[in-house]
Amino acid sequence: MSDNLASTPFIPKPALIGAGLVVGFALLAVIGGQQFDVGVVKNPEAAVAMERSLRFEDRENGALLVFEAPDDKLVFTIEPGTNSGFVRGVLRGFARERHRSGVGIEPPFLLSALTDGRLFLEDPETGRRVPLDGFGQTNAAAFARLLVVDGGTL
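How each quantity is defined
- Residues numbered from 1 in each chain as written.
- Predicted model: local features only at pLDDT ≥ 70, side-chain atom pairs only at ≥ 80, totals over all residues.
- Heavy atoms only, no water.
- Helix = DSSP H or I, 4+ residues; strand = E, 2+ residues; numbered from the N terminus.
- Expected span 1.5 Å × (residues − 1).
- Buried < 20%, exposed > 50% of the residue type's maximum accessible area, 1.4 Å probe, protein only.
- Core = buried A, V, L, I, M, F, W, Y, C linked by side-chain atoms within 4.5 Å.
- Contact = heavy atoms within 4.5 Å.
- Pairing = 2+ DSSP bridges.
- Polar contact = N/O pair within 3.5 Å; in protein donor to acceptor, adjacent residues only side chain to side chain.
- Salt bridge = Lys/Arg side-chain N within 4 Å of Asp/Glu carboxyl O.

### Regarding helix 3 (residues 85-101)
Link 1 in the chain: A rise of 1.5 Å per residue sets the reference length of helix 3, with its 17 residues, at 24 Å; its end C-alpha atoms lie 24 Å apart and thus fit the reference within 8%.
Link 2 in the chain: Residues of helix 3 that are buried: Phe86, Val87, Arg88, Val90, Leu91, Gly93, Phe94 and Arg98.
Link 3 in the chain: Backbone geometry just downstream of helix 3 places glycine 102 in the positive-phi region, at approximately 75°.

### A word on the nonpolar core
Link 1 in the chain: Phe56, Leu111, Leu119, Leu121, Leu132, Phe143 and Leu146 are the most contacted members of the largest nonpolar core, which totals 25 residues.
Link 2 in the chain: Broken down by secondary-structure element, the contributors of at least two residues to this core are strand 1 (48-58), strand 2 (64-68), strand 3 (73-78), helix 3, strand 4 (109-114), strand 5 (119-122) and helix 4 (137-148).
Link 3 in the chain: Discounting chain neighbours no more than four positions away, the residues touching leucine 119 are Leu111, Ser112, Ala113, Val130, Pro131, Leu132, Asp133, Ala140, Phe143, Ala144 and Leu147.

### So, the pairing of strand 1
Link 1 in the chain: Summarising the sheet, strand 1 and strand 4 pair through six bridges and their orientation is antiparallel. In the strand pairing of strand 4, arginine 52 is matched with leucine 111.
Link 2 in the chain: Where strand 1 lies against strand 2, five bridges are found, and the strand directions are antiparallel. Its bridge partner lying in strand 2, glutamate 57 is registered against leucine 65.

### Some words on the side chain of arginine 52
Link 1 in the chain: Here arginine 52 is to be found in strand 1.
Link 2 in the chain: Separated by 3.1 Å, the side chains of arginine 52 and glutamate 68 make a polar contact.
Link 3 in the chain: A polar side-chain atom of arginine 52 sits 2.8 Å from the main-chain carbonyl oxygen of leucine 146.
Link 4 in the chain: Apart from the residues lying within four places of it in its own chain, the contact partners of arginine 52 are Glu68, Val75, Phe109, Leu110, Leu111, Leu146, Leu147, Val148, Val149 and Asp150.

### Quick word on the pattern of salt bridges
Link 1 in the chain: According to the stated counting rule, one finds eight salt bridges in the structure shown.
Link 2 in the chain: With its nearest N and O atoms 3.1 Å apart, the salt bridge here joins arginine 52 to glutamate 68. Remark: glutamate 68 occurs in strand 2 and arginine 52 occurs in strand 1; sequence separation between them is 16 residues.
Link 3 in the chain: With relative accessibility at 8%, the residue arginine 52 sits in the buried group.
Link 4 in the chain: According to the relative accessible area criterion, glutamate 68 is partly exposed, its value standing at 24%.
Link 5 in the chain: Salt bridges here are not isolated pairs; linked through shared partners, they connect Arg55, Glu57, Arg59 and Asp72.

### A short note on the side chain of aspartate 123
Link 1 in the chain: Within the fold, aspartate 123 resides in the loop between strand 5 and strand 6 (129-131).
Link 2 in the chain: Judged by its relative accessible area of 0%, aspartate 123 is buried.
Link 3 in the chain: Reaching out from aspartate 123, the side chain makes a polar contact with the backbone nitrogen of glutamate 125 at a distance of 3.0 Å.
Link 4 in the chain: Aspartate 123 has contacts with Phe94, Arg98, Phe109 and Arg128, leaving out every residue within four places of it along the chain.

What follows is the structure, given as structure tokens:
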């Protein structure tokens, strides 16, 4: 019976109390931080510098037409075979979301440039908003061009 007692680890009572206090303090700090916004980083939304309502339409030949809403004016054509994979990829993601939500291709998307340099594509129909600058400068530039273009092809 004494062999059994010798193999049982002994943890001093003050160490257990100290560990419990550390865990309790950590929990209180997390809960208090969430309740009172202590240690929370907030990026205030910058003002919109420029925005444009755009509708995209695929053609059978692989071209992607870009129309400005509400008058449905053709503002840009992305020809097939051009380096437009990022634009098409982002739009495919939005199309899947619209399909799941039962929304067609007719409603326009909102492309916005903020005063702090960030660029967003938003679908007002589904509420999805994608920060385009997070995919790199070259990819964001593909959409940034659509903010100012008024005719032309790529």
